[in-house]
Every structure is written in C-alpha cells, then in structure tokens.
There are 2 protein chains.
Amino acid sequence: MNRNLDANHIVKLLKHGTNQPGEVIPLHEPSLTGKEWQYVKDCLDKGWVSSVGEYVNLFEKKLAQYTGARHAIAVVNGTAALHLGLKIVGVEYGDEVLLPALTFVATANAVHYCGAVPHFIDSDMDTLGIDPKKLDDYLKEITVQKNGCSYNKKTMRPIKALIAVHTFGHPADLDSIHTVCNKYHLDLIEDAAEALGSYYKQKHTGNWGKLSVLSFNGNKIITTGGGGAILTNDTGVAEIAKHVSTTAKIRHRWEFIHDQIGYNYRLPNINAALGCAQIEQIDQFINKKRSLAEKYRQLFKNVTGITFFREPAYARSNYWLNTLILDEKYTASRDSLLEATHEQGILTRPVWTLMNKLDMFQNCPHMDLSIAESLEQRMINIPSSSKLGGEDG
Amino acid sequence: MNRNLDANHIVKLLKHGTNQPGEVIPLHEPSLTGKEWQYVKDCLDKGWVSSVGEYVNLFEKKLAQYTGARHAIAVVNGTAALHLGLKIVGVEYGDEVLLPALTFVATANAVHYCGAVPHFIDSDMDTLGIDPKKLDDYLKEITVQKNGCSYNKKTMRPIKALIAVHTFGHPADLDSIHTVCNKYHLDLIEDAAEALGSYYKQKHTGNWGKLSVLSFNGNKIITTGGGGAILTNDTGVAEIAKHVSTTAKIRHRWEFIHDQIGYNYRLPNINAALGCAQIEQIDQFINKKRSLAEKYRQLFKNVTGITFFREPAYARSNYWLNTLILDEKYTASRDSLLEATHEQGILTRPVWTLMNKLDMFQNCPHMDLSIAESLEQRMINIPSSSKLGGEDG
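Starting from 1, residues in each chain are numbered consecutively following that chain's sequence as written. By the order in which they are written, chains take letters starting at A while ligands take numbers starting at 1. Totals for whole chains, interfaces and linings use all residues, but because this is a predicted model, local features are given only for residues with pLDDT of at least 70 and pairs of side-chain atoms are given and counted only at 80 or more. Side-chain descriptors were evaluated using all non-hydrogen atoms of the structure, hydrogens and water having been removed beforehand.

This part covers the overall build of chain A. Helical segments are the DSSP runs of H or I of at least four residues, strand segments are the runs of E of at least two, and each set is numbered from the N terminus. The number of helices and strands found in chain A is 12 helices and 16 strands. The globule rule used here is 2.2 Å times the number of residues to the 0.38 power, and the radius of gyration it is set against is calculated over C-alpha atoms. Its C-alpha atoms give chain A a radius of gyration of 21 Å, near enough to 21 Å, the size a compact globule of 393 residues would have. For chain A, the spread of C-alpha atoms along the three principal axes comes to 70 × 60 × 35 Å. The classification of residues rests on relative accessible area computed with a 1.4 Å probe and restricted to protein chains. Under 20% of the type maximum is buried, over 50% is exposed, and intermediate values are partly exposed. A total of 393 residues make up chain A; the buried ones form 64% of that total.

Encoded structure:
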C-alpha cells in the first residue's frame, strides 16, 4: 500500500487556496492597511515614541472593549506578559506549573524565569488544547492536597498554576479546564497569544482565568512590531500588572522610589500606535481569515489521508494558523510535504517540537503525552495571512 | 548664617540657559529631526515591523561602527541587555554582583532576575562612578580567594561580576576599575545605558568589560521608543547574545528546536528603524549637549553653594543629564529648589534613591556608602535635551 501522499496535488491545492501566483507565500504576514502611518506619524511629530503619549492607554482601552475583559495592560511581548502573569498569581522558586507539551517555547520559558518547574500535560485531538478529563485523572493520581494547595506527591513541590494554550487560535475547552483548576486549587492563566478574536461559547477567550495573555508579534493576527498584553477582570491584578511592568515606581513628581522588584515591560507608545490602527481592522482580518479557512476546508475535504482542522463545536475561532493533520498511516509523508511546499515558495511548517524533548526541559515532569506526540508528527501549518485567498481564488 | 540658596536666582539662570520662554521644559526629550519618518514609513510600506527586516542588522552595524565595539546586539531595552549580559558572563542563582548604590533601579533588578544578590558599593565624588581605590580596600577586607574566584567571607557566596555605571553619561574610571576586576576575578560589565557618545581616554565607553549595555529609552541621547543593546568585542559573546535573545532557536527552515533557555529580547524592526535615523544625528546631538553644558557651567560658575558637575579630566562626556551639586551646608535647600523649578515648568529632578534604601534591596550587602549618601542629598539634574540652549540664549 502506498504510504505517500500526493505532494504535487497538495501543492496545487495550496496554490489555488492562497491565490498569490508567482509569489513566495509566508506562513503569516501582517496587513498594515489601516491608519498605521497616520498614528505612527503622529507619535513622531509629537516626539512621543516611548513612555510618554496617549496610544498605550488608548490601545489598552480598545483591547478591553474588544475582548470584553475589564482591563488590558500592554507590554513588550507575549513572553513578558506570561512572565508577569505567573509572578502576579504568585508562582515562586521551586513551584510547579502545568502547561501543554505542545506549545511555543515561550510558555515553558516564562515558567523557568520564575524559578519554577514546567510540568507538561497532554493535548486533546479535537481541540488541540489541554484534555481536561485526562488531566483530572492524572492529577487525582499524582497530587496530594494540603492546606488548600495541590502538591506533586513525587517531587513534593506545590503545583500552583495551569497555563491553557489556545493552539493556533482554537479555544481550549475552557469550562472543563476551569472546573479542573478549581478542583485542584490551580490558578488558571490562558495563553491566548494566538487567540485574539477567538470565542468560546460566545464569549471572547481570555476571560476564564485570573488573567490571560495576548501577543502582537509580527506573525500574529494584529501586530505592534513586538508586543503583548495581560487581560484581566480583576482590578487589583490590573493595578499590580501596570505597576510592576513600569519598574514598580511609586508616583511622585520627582522622587525615585520603587516598592518591589519591577520590570521594564511596558509597551512603547510608537508600538501601541501601530496596535491602535491594527485593532480597528480586526473584524475584517477575522472575516478574511475565516473565509480562507473555509476555502481550505472545501479544497481538502476529499483529499485522502489529510484532515483540515476545524474549530471545536463550542468555538468561533480566529483560525490564526490553518492546520492540516495527516492520517496516522501517512505520518512519514510530513517532511516530504514540507519540502515540496517550500520548494514552491509556500512556507508551511510543522508544529513546535514538544517541550519535553528540548534539552533544557527534558528532566521536567510530564504525564503520558501520547496525543501530543501523535499530533507533533502529523500537523502541518499552511499559509494563513488575512490577505490570502481573495475572491477569484 | 543663611543656609538657603536663592531659588529665584537659580530659576532665572535655568530659564536663561534653556532659552525656551513660556514652555514646560522636560528633563530630556528626544529630537526626531532626521530620517525617522522615512525609515519608519519604509517598514510600514514593506510590512516589516517585527522580526523580519533590515533595520535591526543595520542599526547594530551603525552602533558597532560608532562605538568601536566589534559587535552590537539590539534588544528591547537596557534592562533586558543587563539581564542577558549577566546571564552570559555566568551569573547564577546565589551569586553576588557588585554595583553602585547610586544607580537606576534596573541595574539592581537585573541582578535579581538572575537569582543573584546585588552588593552595593560606594561612588567617587569626582566621577560619580565607582571609587576603585575604596573598592579595592573593601574587597581586600571582605573577600577570600578560592579556585580563582572571590567569595564574600561573610555570606560565602561567590562574587562573580561588577557592573560599572557611567552615571549621567560621565565615564567611570575604567582603567582603574578594570584593574580591580582583574585582581578579584570579577567579570566587568559596563552599564553604559546613559553613555552613548561618551569617551574614556579617547576610546568610546563600553569597550573595557567583557560586554556592556546601552539604552535607547525615550529619555536617552538617542531613542528607539524602547530599546537597548549589548556591545562586545568577543565574537563568542556576540553569537550567544544574539542566539539567546531570539529564543535560542536553532536555524532550520521549519523545525522548532531551541537548545537552551532563551528570551524574547530582540528589538523589533520598526524600533530599529527609528534607531538608524537617530544614530545618524548623534554627533550633532552631542555637540549641542556639550554646548548646553558649557553654557550652564558659565552661568553657574559664580553661584555660591552650587557646583556644576564637569566631566572627569580623562573623559569626553555626552553630558546626558546636566547636574548641579549643592555644597554640603546647602543640602536642606534641595527640595525647595526642586519645588521652585517645577513651579516654573522646569522639570528638574533629584538623583535616584540609593538602592540599599529600597524595600526589596535593604537586606542586601553593602560597603560604607558615605559618598553616595552625600551625593544623593545634594544632586539635582537640570533640563538637558539637545534642542535646548540655542544660540541667542
């Protein structure tokens, strides 16, 4: 039996889907088609490019309005937002933090920055997020409860928090995850770096945990060059996030008093100006991206051996990165498909190497990761910029 | 005897010196008078605002050329550069790092981020930097040498590195500090955040230590919105700085393999574009700032009770922040002078609160800090933007 997929046919479908003849097609490019220049020029004209200026507050206001979170705090990038978020929920040296093995490295690095230990958990085939049932069973087995805190029986370290990643923008099963977190006294942080514009049961992601995290890196649905944000519905969390991200300086006309360890994490005004212009266009970006996803779905629906990943039933996803999943028997075709598409200038990619396989995390605790391991072998992200797939595609 | 300075007279001199009648005069504003628009617009037109684009490499090249360092690595801010620099020289959990008590809080925070303990040292009245003689005497007393490393006798922690700050842009006594570092096996890091354009004995600062650190925050001599850099003459250090600041990802067309804990510290392209335009103007900024300093010096040379701080004899300083030092007997006038100037829209400020007095560092080790304590009570920074002090002032 032939275990090779027809790479030429798939290249042809991707060319048809993206509809950019003759061009190199990146995985995800920004569209700077709104008021970006107007707002950035305003910063330059006023000399307000750094910590002075109105765009940071305005961007935060627009983010809060759009996501429905009470507060947004803009920071230099999603990694900084994760680091700050973990600090704020109280993660300390020697704690453990649960997170999917299937994620971008920043999620695990941020745990390490706190001196804590990442503890890797498995994914769900249908959501690409954490599998709450499997997690519950695992925590039942490996934890012991003491004074309202879960401890890892084996390491005797406290397990403080769980980071739920909305993989490629698809919402994880938040209600069920939230229930598990409550049961085991874990603070829930949503890593919504990829999920701006994604909804779980009609409510925007980022509103389930104590706080959540966005990214506006150049490859995200909107960009500020580099940037990120913390979302929260807790005013106390918002205040501390703003304070600690600006060196924890006490307000005073001239004195320099800082009341705790702080960070230089606040987003500069010029980057926020870009963000203001970008978020004004988000509905249009999402409509285009959802159209592209639908086009891909139609194109791939009859291709043997490949499934186009669709949003979970409870979700309305931003389809940040469109994803093909190879059937198990075609796993060996992954690299040749990557080769064939790259040769044609279609910059596909596989998913991240699982965190537990990276040198610096290989001794960290993890549960059975059979689903994540299977997905790692079988997923391919395909070009997903909002400008792709135009009508005559 | 009257222990009060004549605040009205000093306000009058500052108004004359700055020559901006009727305006609020910030301490230090950016001048965006070059090709900022052109380069930033180019980023927007090409869609290269984030990690893709030529401006980061170009900015690094220009920084290296200007400073004479072999390599420059552009990062999100000076704090990130310090953190990364300390990591690169091998500062680890439980180490001690020497740094002046008289510095901006980022210097001490960066040490804390590594899990290390800041150890505060005194300043020199004539340079505002570390006093190398006093430091040498102190280290002789409190350290013991073992296996080519200095240990703090009292805490038994290794003392790994020393951060020499070039306060307000004035070069510390680098040759003597370097000698002390060699004697005690300390890695020298220059915190040149404020010292772009400052020379020690005809050579640009930032070239003495294993690596050094610049800042391009909005209040610095050139700005990228937020930004910083590591300078080094060591190619190995440069390579690791670049690698670790970009999530330690191994180069590969599509695989995501990261070989160590990394950071999201690389400067975005749009901020680097601003930096390219700014550094093209640096000679002009420094000429203007040195003229302003000379004007202040003339204005204050006969004022009883106040000395305008001048660059050390070995240095050619950028005069980032001009500084008045009150005579000891006029210490009590500091706050009324700050009041009087702020009332008139002249945004002077005192120096930073000494690090050992901040809550989070008050239990950290420190030497006798009598000079720093005296300076803390007596220094006032006065407006220093390059646009001030024009000819007819």
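Bringing the pattern of salt bridges into the picture now. It is possible for side chains of opposite charge to pair when their charged atoms get near one another. Each salt bridge in this description consists of a side-chain nitrogen of Lys or Arg and a carboxyl oxygen of Asp or Glu lying within 4 Å of one another. If you walk through the whole model with that rule in mind, you get 40 salt bridges over all chains. For E96(B), the salt bridge is made with R157(B), and the minimal N-O distance between the two is 2.8 Å. Taken as a pair, E96(B) in strand β2 (residues 96-100) and R157(B) in the loop between β5 (149-152) and β6 (158-165) lie far apart in primary sequence, 61 residues in all. Taking the relative accessible area as the measure of exposure, E96(B) reaches 0% and is therefore buried. Residue R157(B) is classed as partly exposed on the basis of its relative accessible area, which comes to 25%. Close ionic contact of E328(B) with R378(B) constitutes a salt bridge, the shortest N to O distance being 3.7 Å. Taken together, the residues span a long stretch of sequence, with E328(B) in the loop between β14 (322-326) and α11 (334-343) and R378(B) in helix α12 (residues 370-378) at a distance of 50 residues. The exposure class assigned to E328(B) is exposed, which follows from its relative accessible area of 56%. Connected via shared salt-bridge partners are E60(A), K242(A) and R266(A).

All names here are of chain A. Segmenting chain A into domains produces domain 1 (7-31 + 282-389) and domain 2 (36-279). Reported domain spans reflect what an automatic or database domain assignment gives. One C-alpha centre belongs to domain 1, the other to domain 2, and the line joining them spans 25 Å. Contacts between the two partners involve 44 residues from domain 1 and, on the opposite side, 51 residues from domain 2. Accessible surface is computed with a 1.4 Å probe, and the buried area is the amount of it that two parts give up when combined, taken over both parts together. Between domain 1 and domain 2 the total buried area reaches about 4000 Å² when both faces are included, carbon and sulfur atoms providing 69% of it. We call two residues contacting when some pair of their heavy atoms lies within 4.5 Å.

Our focus in this paragraph is helix α11 (residues 334-343) of chain A. Because each turn of an α-helix spans 3.6 residues, side chains separated by three or four positions end up pointing in the same direction. Residues and elements named next belong to chain A. Every buried residue of α11 is accounted for by R334, L337, L338, A340, T341 and H342. At its buried positions, α11 is contacted by α1 (7-18), β12 (306-308), β14 (322-326), β15 (349-350), α12 (370-378) and β16 (379-382). Immediately beyond the C-terminal end of α11, within one or two residues, lies G345, with a positive phi of roughly 75 degrees.

Further remarks concern the UniProt feature "active site" (unreviewed entry) in chain A. All names here are of chain A. Under the UniProt annotation, "active site" (unreviewed entry) lies at K220. The topology assignment puts K220 in the loop between β10 (211-215) and β11 (228-232). Given a relative accessible area of 10%, K220 falls into the buried group. Apart from the residues within four sequence positions on either side, K220 is in contact with H28, A193, E194, S215 and W320. N or O atoms closer than or at 3.5 Å make up a polar contact, with two conditions inside protein: a donor-capable atom paired with an acceptor-capable one, and, for residues adjacent in sequence, both atoms drawn from side chains. In terms of polar contacts, K220 uses its side chain to reach the side chain of N219, at 3.0 Å. UniProt positions are given in the numbering used here, feature names are shortened, and annotations may be inferred rather than shown by experiment.

Two faces make up the sheet, and in a regular strand the side chains alternate between them. All names here are of chain B. Among the five residues that make up β2, five are buried, leaving the element largely enclosed by the rest of the structure. Here β2 shows a buried face lined by E96, L98 and P100 and a second buried face lined by V97 and L99. Relative to strand β3 (residues 117-121), β2 runs parallel, the two sharing five bridges. Note on β3: the bridge partner recorded for E96 is V117. Place the viewer so that the strands point away; then a crossover is right-handed whenever the path from the first strand over the helix to the second strand goes clockwise. A crossover connection joins β2 to the parallel β3 through helix α5 (residues 105-113); in handedness this β-α-β unit is right-handed. Following DSSP output, two strands are said to pair if at least two bridges run between them. Inspection of the sheet shows β2 paired to β6 by three bridges, in the parallel sense. Across the sheet, V97 pairs through a bridge with A161, a residue of β6.

Quick look at the packing of helix α2 (residues 36-46) of chain A against helix α2 (residues 36-46) of chain B now. Note on geometry: axes are lines fitted to C-alpha atoms, helical ones only across the stretch in contact, with angles between N-to-C directions running from 0 to 180 degrees. Relative orientation of the contacting elements α2(A) and α2(B) amounts to 155 degrees, with a least axis distance of 11 Å. On the basis of the axis angle, α2(A) is roughly antiparallel to α2(B). The handedness of the crossing between α2(A) and α2(B) is right-handed. Mapping the contact onto sequence places E36(A), W37(A), V40(A), K41(A), L44(A) and D45(A) in α2(A) and E36(B), W37(B), V40(B), K41(B) and L44(B) in α2(B). Amino acids are sorted into nonpolar (Ala, Val, Leu, Ile, Met, Phe, Trp, Tyr, Cys and Pro), charged (Asp, Glu, Lys and Arg) and polar (every other residue, Gly among them). Split by residue class, the contact of α2(A) with α2(B) holds six nonpolar, no polar and five charged. Oblique is the label for any angle not covered by the other classes, which are roughly parallel (under 35 degrees), roughly antiparallel (over 145) and roughly perpendicular (65 to 115). Each helix crossing is assigned a hand: it is left-handed if the near helix lies turned anticlockwise from the far helix by less than a right angle, otherwise right-handed if that turn is clockwise.

As a further point, take the interface of chain A and chain B. At the junction of the two partners, chain A supplies 56 residues and chain B supplies 55 residues. Taking both partners together, chain A and chain B bury about 4900 Å²; carbon and sulfur atoms supply 66% of that area. Seen at the junction of chain A and chain B, the total is 22 residue pairs in polar contact (both at pLDDT 80 or more). Mapped onto the side of chain A that touches chain B, the elements with two or more residues apiece are α2, α5 (105-113), α9 (269-279), α11 and β15 of chain A. With seven residues, the single largest contributor to the side of chain A that touches chain B is α2(A). Here the side of chain A that touches chain B is composed, by residue class, of 25 nonpolar, 20 polar and 11 charged.

Residues and elements named next belong to chain A. Read across the sheet, four strands follow the order β12-β14-β16-β15 without closing on themselves; strand pairing throughout is antiparallel. For this open sheet the edge positions go to β12 and β15, each flanked by a neighbour on one side alone. As paired strands, β12 and β14 are joined by three bridges and run antiparallel to one another. Within β14, the residue paired with I306 across the bridge is L326. Along the sheet, helix α10 (residues 282-300) makes contact with β12, β14 and β16, crossing β12 at roughly 155 degrees. Across the sheet, α11 lies against β12, β14, β15 and β16, angled at about 15 degrees from β16, the strand it touches most.

Right, let's get into the sheet that holds strand β9 (residues 203-204) of chain B. Residue and element names in this part refer to chain B. Taking strand neighbours across the sheet as the criterion, the three strands line up as β9-β8-β13 in an open arrangement whose pairing is antiparallel. The sheet terminates laterally at β9 and β13 (315-316), the two strands that pair on one side only. The sheet contact formed by strand β8 (residues 199-200) and β13 spans two bridges and is antiparallel. In the sheet register, Y200 faces β13, and the bridge partner there is A315.

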